[in-house]
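Tertiary structure, described
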Amino acid sequence: MSATSAPSTLTRTRIELWGTDHLDTAATLWTAASAELEGVFDQHVSNIRRPAGTVWEGAAADSALDRAINDQAVVRAQAALLRDLAQIATNGSDDIRAAQRTTLNAIEEAETAGFAVSDALIATDSTVRSAVMNLDRQVEANRHSEYIRWHASQLAQSDALVARRLETKAAELAALRFTDHGDGDVAPLAGPLPTSMHPCDSLYASMAGDCASAGSKRARANCYAVAAQVYADCLTA
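Numbering of residues starts from 1 in each chain and follows the order in which that chain's sequence is written. The model is predicted, so local features are restricted to residues of pLDDT at least 70 and side-chain atom pairs to those at 80 or more, both for listing and for counting; the totals for chains, interfaces and linings are taken over all residues. Derived side-chain values reflect all non-hydrogen atoms in the structure, with water molecules and hydrogen atoms excluded from consideration.

**Considering the overall build of the protein**
Under the scheme used here, helices are H or I runs from DSSP no shorter than 4 residues and strands are E runs no shorter than 2 residues, and both carry numbers assigned from the N terminus. Within the protein one finds six helices and two strands. For the protein, the α and β elements follow one another from N to C terminus as α-α-α-β-β-α-α-α. In the protein, buried positions account for 38% of the 237 residues. Working rule for contacts: check all heavy atoms of both residues, and any pair within 4.5 Å makes them a contact. The contacts of the protein with a sequence gap of at least 6 include a subset with a gap of at least 24, amounting to 80%. Think of it in three bands: residues with accessible area under 20% of the maximum for their type are buried, residues over 50% are exposed, and the middle band is partly exposed, with areas taken using a 1.4 Å probe on protein chains only.

**With respect to unusual backbone geometry**
With a phi angle near 70°, L121 is a residue other than glycine that sits in the positive phi range. On the secondary structure map, L121 appears in the loop between β1 (116-117) and β2 (123-124).

**Considerations on the pattern of salt bridges**
Each reported salt bridge corresponds to a side-chain nitrogen of Lys or Arg within 4 Å of a carboxyl oxygen of Asp or Glu. Under the defined criterion, the tally for this structure stands at eleven salt bridges. Overlapping salt bridges bring together R12, E16 and E111 as one network.

**Examining the nonpolar core**
One recurring pattern in soluble globular proteins: nonpolar side chains tend to sit buried together. Of all hydrophobic cores here, the largest spans 41 residues; its most connected members are W30, L82, L85, I148, L166 and L173. When contributions to this core are tallied by element, the ones reaching two or more residues are α2 (21-49), α3 (59-112), α4 (131-175) and α6 (217-235). With twelve residues, the single largest contributor to this core is α3. Contacts of L85, omitting those with residues within four sequence positions, involve W30, L166, K169, A170, L173 and A228. Among buried residues, those of type Ala, Val, Leu, Ile, Met, Phe, Trp, Tyr and Cys that are joined through side-chain atoms within 4.5 Å constitute a nonpolar core.

**Considering the environment of I15**
Looking at the element boundaries, I15 is found in helix α1 (residues 12-17). Separated by 85 residues in the primary sequence, I15 and Q100 have C-alpha atoms spaced 6.7 Å apart. Once you skip the residues sitting within four places of it in the chain, I15 turns out to touch L10, Q100, T103, L104, L121, A152 and L155.

**A word on the environment of V226**
Structurally, the position occupied by V226 is in helix α6. For V226, a relative accessible area of 4% translates into the label buried. Taking the C-alpha atoms as reference points, V226 and R177, separated by 49 residues in sequence, lie 8.9 Å from one another.

**What to know about the side chain of Q72**
Secondary-structure assignment places Q72 in helix α3. Setting aside its immediate chain neighbours within four residues, Q72 contacts F41, D42 and V45.

**Here we look at the packing of α2 against α3**
Between two packed helices, both the angle of their axes relative to each other and the distance between the axes serve to describe the pair. Running from amino to carboxyl end, α2 crosses α3 at an angle of 165°, the nearest separation of the two axes being 8 Å. In terms of their interaxial angle, α2 and α3 are classed as roughly antiparallel. Our pair here, α2 against α3, has a crossing hand that is left-handed. Of the residues belonging to the contact of α2 with α3, the class tally is 19 nonpolar, eight polar and eight charged. Between N-to-C directions, angles cover 0 to 180 degrees, with each direction set by a line fitted to C-alpha atoms, over the stretch in contact for helices. Each angle is binned into one of four classes, with values under 35 degrees roughly parallel, values over 145 roughly antiparallel, values of 65 to 115 roughly perpendicular, and all other values oblique. Helix crossings fall into two classes, left-handed where the near helix is turned counterclockwise from the far one by less than a right angle and right-handed where it is turned clockwise. For this classification, Asp, Glu, Lys and Arg are treated as charged, while Ala, Val, Leu, Ile, Met, Phe, Trp, Tyr, Cys and Pro are nonpolar and the rest, including Gly, are polar.

**Regarding the confidence of the model for the protein**
When the pLDDT values of the protein are averaged, the result is 78; 75% of them are 70 or greater. Looking at any residue, its pLDDT shows the predictor's confidence there, from 0 to 100. Counting interchain partners and residues more than four positions distant, the pLDDT-below-50 stretch residues 1-6 has twelve contacts. Per-residue pLDDT stays below 50 along residues 181-198; that stretch engages in 31 contacts with residues further than four places along the chain or on separate chains.

Here it is as structure tokens:
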């Protein structure tokens, strides 16, 4: 791969500061949301089967139980997608950190060999030597630059792949929602998403708080689906 394939905005400073804490946090939040949703609807089905510990029978009971079980199936599918999102975030965090370490190791290797590595990821040697030695060192410097920038490009590609996977899975989740409006179906949130480094954790926490107080169990499930998509969009903005 050509050294010029690394994005021009990918600098040494950016590589050194590259963080994945936002992905780790997202994984924790999505895992918690999946457990909460499943717990709420499992309890709901249990309550329909034996309200207040009693046996409820008859056509109304059968209808209510059928609806509760159908709702539970939707929520279990939503929870599974939330866990998928959490796994993508966890694996992505590991992959990005590994790519970052490899790139930084390439920089350290060049510096150990006596080269200075600039913020533009270019290795240079300012030591005064004979013309022949200078030529050899320049060839070696070019090799280090190529090696560093190739790994930097791999880091950028790893980050972009995680973003695409999150966006795809979040879109699946947003599409898996209760379609009737009788129980307070939640519309997708409008407005621009934050674009600074990672303001997404507080955004999701606020939305999750709103979901917890949603008017019905169905509305809560839909709300979490929308929140997860907005959170993923924010992380990958």
